Amino acid sequence: AQRSFLLGLICMVSAIAMRHMGFLKIEDAAPVSRLTFNFCFPCMLFAKIWKLEVSASLGRAAAVSIGFHGLWICLALGVAWVVVPRKVRGAKMGQFIYCMSGFNIGFLYPLILASDSLAETVFPALVVWDLAGNVAVVFGYNYLVALTFAPQPLAPSAAAASAPPAALASSSAS
């Protein structure tokens, strides 16, 4: 854990020094952050999961994860149906359901992997929990919610009918 801390500290000091010397600008922060997360995080997961010993006893964790996430989906749909008023359903309902059911627990991986004892005991169960139920919710169910409740573009005739009169007058003048 101390080696990981020192490596992180060296990276932060290097970034500060490169920014101070003009190699990095404030505008570079978002792309560098995206690149680091999108490249390094999957590589770290692959390296750790590759060595992971998954036993058959973790099947219970998978079953509980599937059951828990299934019940959570039902709860999210039920609460959204009761809480979101009928007159604003549609995109707002989809947003409400999406916010209630997204479980991105990937941020826990580096925290757990920083400790050798947790990496051996907790990490296998966390990966099984994540892959069995959470991935299905985040990548399956949430995409279905987004497809179902996405705002639909107005047809040209409907757009013209809903446009303010001043916009219609200026478009007919040109």
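Look a little higher up for the structure.
Residues numbered from 1 in each chain as written. Predicted model: local features only at pLDDT ≥ 70, side-chain atom pairs only at ≥ 80, totals over all residues. Heavy atoms only, no water.

Undergrad: Which residues make up the overall build of the protein chain, and what values go with them?
TA: Within the protein chain, the secondary structure is distributed over nine helices and zero strands. Each helix (α) and strand (β) of the protein chain, taken in turn from the N terminus, gives the series α-α-α-α-α-α-α-α-α. Put simply, the protein chain has 174 residues, and 20% of those count as buried. The long-range share in the protein chain, meaning contacts at least 24 apart out of those at least 6 apart in sequence, stands at 69%. Here the protein chain displays about 12,600 Å² of accessible surface, and carbon together with sulfur accounts for 73% of that area. (Helix = DSSP H or I, 4+ residues; strand = E, 2+ residues; numbered from the N terminus. Buried < 20%, exposed > 50% of the residue type's maximum accessible area, 1.4 Å probe, protein only. Contact = heavy atoms within 4.5 Å. Areas by Shrake-Rupley, 256 points an atom, 1.4 Å probe, with all protein chains shown as cover.)

Undergrad: Provide a residue-level description of helix H4 (residues 91-101), including the pertinent values.
TA: Residues Met-93, Gly-94, Ile-97, Met-100 and Ser-101 constitute the buried set of H4. Relative to the axis of H4, the buried residues are bounded by an arc of 135° and lie together on one face. Residues of H4 that are exposed and point more than 90 degrees away from the buried face comprise Lys-92, Gln-95 and Cys-99. Residues of H4 that are buried sit in contact with helix H3 (59-83) and helix H7 (123-149). (Arc of directions from axis to C-beta.)

Undergrad: Tell me about the nonpolar core, residues and numbers included.
TA: If you look at the biggest cluster of nonpolar residues, it comprises ten residues: Phe-41, Leu-45, Leu-52, Ile-105, Tyr-109, Ile-112, Leu-113, Phe-123, Leu-126 and Val-127. Going through the elements one at a time, helix H2 (29-50), helix H5 (108-113) and H7 are the ones with two or more residues in this core. Listed in part, the eight residues of the second largest apolar core include Ile-73, Met-93, Val-137 and Tyr-141. (Core = buried A, V, L, I, M, F, W, Y, C linked by side-chain atoms within 4.5 Å.)

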